[in-house]
Number of protein chains: 2
Amino acid sequence: MARTQGSRADVTGPLIRDQARRLFARQGYAAVSMRQIASAVGVQAGALYAYTPDKQALLLDLLESHMRNLLAAWTDIPGDPLARLEHFVRFHIDTSLDHPDAVFLSYMELRNLTPQNFARIADLRSRYEAALETILRDGMAAGVMRIDDPRLATMALIAMLTGVTNWYREGGRLDRRRIGDIYWGLVRGAVGAD
Amino acid sequence: MARTQGSRADVTGPLIRDQARRLFARQGYAAVSMRQIASAVGVQAGALYAYTPDKQALLLDLLESHMRNLLAAWTDIPGDPLARLEHFVRFHIDTSLDHPDAVFLSYMELRNLTPQNFARIADLRSRYEAALETILRDGMAAGVMRIDDPRLATMALIAMLTGVTNWYREGGRLDRRRIGDIYWGLVRGAVGAD
DNA sequence: GTCTATAATCGGATAGAC
DNA sequence: GTCTATCCGATTATAGAC
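- As annotated in an unreviewed UniProt entry, chain A is TetR/AcrR family transcriptional regulator from Paracoccus sediminis.

In structure tokens:
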């Protein structure tokens, strides 16, 4: 991948983020060196510092932009809490399968953030969790869901749905639509909506 | 923690494993140095190599012994598949809360194993997953569970149950018995047993 | 914006004394 | 079994040329 000299600011910036995301997800933040990222991009290590002040800022940028994209992409729908829950389940699975590396990073590399940066990401994540918890509480109030503890159910369901990234492989036995169907069946039962 | 000279082989060995497990779980394998582990134990870095040939072997030992303990501790019970499933749910949650660091490591640090070592752990894990899948299939055959895809349900349920380590804090709002009750309610619904 | 070169530190692992 | 000392390669980040 080594390149000779030349400026390509428009492509290098996104490429650094893409390769860093991919490598961090596969090997872990601490195990990836700036040289490795630079090599994957096709530049020398020193060039990375024209785009990020340091490695930590690069990780924070990846996590924060993912969480902001997630929150921006999510839109609740009006009406039946069960339909809203199905919408959330399919949204979460589709997002997780579209951006498996970003999703994986966002709950695996929190421990490598500084305390301040951790607080920023934890805040964004709690907003996303609140979206699901609201649906569950509305479903209980409407009498269409039976849930012992909506806070715990929120954590449990998100863990279950996010887990799809642990085993899903492109071109595997099940396509996305089918996976969404199966998970929705599990979730619908879990909230007592059968 | 620094100590003066002296041999304490009986305590140092277990202590190295305890501290390595704790540090690996909190910061990640790659982010923890042998010097850090030694410092937490109260010995110099060189002394660690009397107990492990290298850092990788230390990680493998932690993961493998955890998986073997898990498999040794698990015993299915005869009878009703629903009772067996409840037994599995409570076993898995209790184990996860008793050994949160080991559980976390066992599904977070697989990527830092060499391919050979990875295969060893993956084999042990698949045996554990098979225990749950068998119960689900028996429940379907007996007509007491409704499950679209038992293989996928196995992965989904284990992800959900293991997720308890992400939020549980000792002395928190809910005690273990109550957490087991709540998760069992979610699982029972998810497998269509209500 | 990118390169080359380098500073300063830290990493895993080993040797030999006690 | 543990310590001290050390080898040697890798790491993050910076400086200055182009």
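Details of the relation of the copies chain B and chain A
- When chain B is brought onto chain A, the operation consists of a screw motion whose angular component is 180° and whose axial shift is 0.0 Å, with 0.1 Å RMSD remaining. Between the two chains, the operation in question is that of a two-fold axis.
- Taken as a fraction of all interface residues of chain B, those also at the interface in chain A reach 100%, which identifies the copy contact as same-surface.

As for the UniProt feature "DNA-binding region" (unreviewed entry) in chain A
- The residues that UniProt annotates with the feature "DNA-binding region" (unreviewed entry) are residues 33-52 of chain A.
- Helix makes up 40% of residues 33-52 of chain A and strand 0%, whereas the separation of the span's terminal C-alpha atoms amounts to 14 Å.

Comments concerning the protein's contact with DNA strand D
- Near DNA strand D, the surroundings consist of 22 residues, among which Arg35(A), Ser7(B), Thr12(B), Gln44(B) and Tyr51(B) are the closest.
- Sugar plus phosphate: this is where 65% of the atoms of DNA strand D within 4 Å of the protein reside.
- Between DNA strand D and Gln44(B), the relevant distance is 2.5 Å, taken from a phosphate oxygen to a main-chain nitrogen or oxygen of the residue.
- When contributions to the surface near DNA strand D are tallied by element, the ones reaching two or more residues are helix H2 (34-41) of chain A together with helix H1 (9-27) of chain B.
- Residue classes in the surface near DNA strand D are distributed as 8 nonpolar, 8 polar and 6 charged.

What to know about the nonpolar core
- Core analysis: the biggest nonpolar cluster contains 124 residues, and Ile37(A), Tyr183(A), Ile37(B) and Tyr183(B) have the highest contact counts within it.
- When residues no more than four places from it in sequence are discounted, the contact partners of Ile37(B) are Ile16(B), Ala20(B), Leu23(B), Phe24(B), Val32(B), Leu48(B) and Leu58(B).

Details of empty space enclosed by the protein
- The tally for this structure, following the rule as stated, stands at 1 cavity of 30 Å³ or more.
- As a volume, the largest cavity reaches approximately 60 Å³.
- If you go around the largest cavity, you meet 16 residues; those closest to its centre are Gly28(A), Arg111(A), Gly28(B), Ala30(B) and Arg111(B).
- Taken together, the residues that form the lining of the largest cavity break down as 6 nonpolar, 6 polar and 4 charged.

A word on helix H4 (residues 81-98) of chain A
- The end-to-end C-alpha distance of H4(A), which contains 18 residues, comes to 25 Å, matching closely the 26 Å that a straight helix rising 1.5 Å per residue would cover.
- For H4(A), the tally of buried residues reaches 13 of 18 residues, placing the bulk of the element in the interior.

With respect to the packing of aromatic side chains
- Throughout the structure, instances matching the rule amount to 13 aromatic pairs over all chains.
- Measuring from ring centre to ring centre gives 6.5 Å for Trp167(A) and Tyr183(A), while their planes differ by 5°; the resulting arrangement is stacked. Of this pair, Trp167(A) sits in helix H8 (residues 164-167) while Tyr183(A) sits in helix H9 (residues 176-190), and the two are 16 residues apart along the sequence.
- For the pair Phe88(B) and Tyr128(B), a centre-to-centre distance of 5.3 Å together with 35° between the ring planes defines the contact as tilted. Taken together, the residues span a long stretch of sequence, with Phe88(B) in helix H5 (residues 81-98) and Tyr128(B) in helix H7 (residues 115-141) at a distance of 40 residues. Of the two residues, Phe88(B) and Tyr128(B), neither departs from the other in class, the shared state being buried.
- Members of the aromatic cluster, connected to one another through ring pairs, are Trp74(A), Phe88(A), Phe91(A) and Tyr128(A).
- In this arrangement the basic side chain of Lys55(A) is found over the ring face of Tyr29(A), its NZ or CZ atom lying 4.6 Å from the centre.

About the cut-offs
- Residues numbered from 1 in each chain as written.
- Chains lettered and ligands numbered in written order.
- Predicted model: local features only at pLDDT ≥ 70, side-chain atom pairs only at ≥ 80, totals over all residues.
- Heavy atoms only, no water.
- Least-squares fit on C-alpha atoms with pLDDT ≥ 70 in both.
- Contact = heavy atoms within 4.5 Å.
- UniProt positions renumbered as here; feature names shortened; annotations may be inferred.
- Helix = DSSP H or I, 4+ residues; strand = E, 2+ residues; numbered from the N terminus.
- Near = heavy atom within 4 Å.
- Polar contact = N/O pair within 3.5 Å; in protein donor to acceptor, adjacent residues only side chain to side chain.
- Nonpolar A, V, L, I, M, F, W, Y, C, P; charged D, E, K, R; others polar.
- Core = buried A, V, L, I, M, F, W, Y, C linked by side-chain atoms within 4.5 Å.
- Buried < 20%, exposed > 50% of the residue type's maximum accessible area, 1.4 Å probe, protein only.
- 1 Å grid on protein atoms, 1.4 Å probe; cavity = no way out; pocket = protein on both sides within 12 Å on 5 of 7 lines; lining within 4 Å.
- Points joined across faces, edges and corners; volume = space filled by probe spheres on them.
- Expected span 1.5 Å × (residues − 1).
- Phe/Tyr/Trp six-rings, centres within 6.5 Å; stacked < 30°, edge-to-face > 60°.
- Lys NZ or Arg CZ within 6 Å of the ring centre and 35° of its normal.

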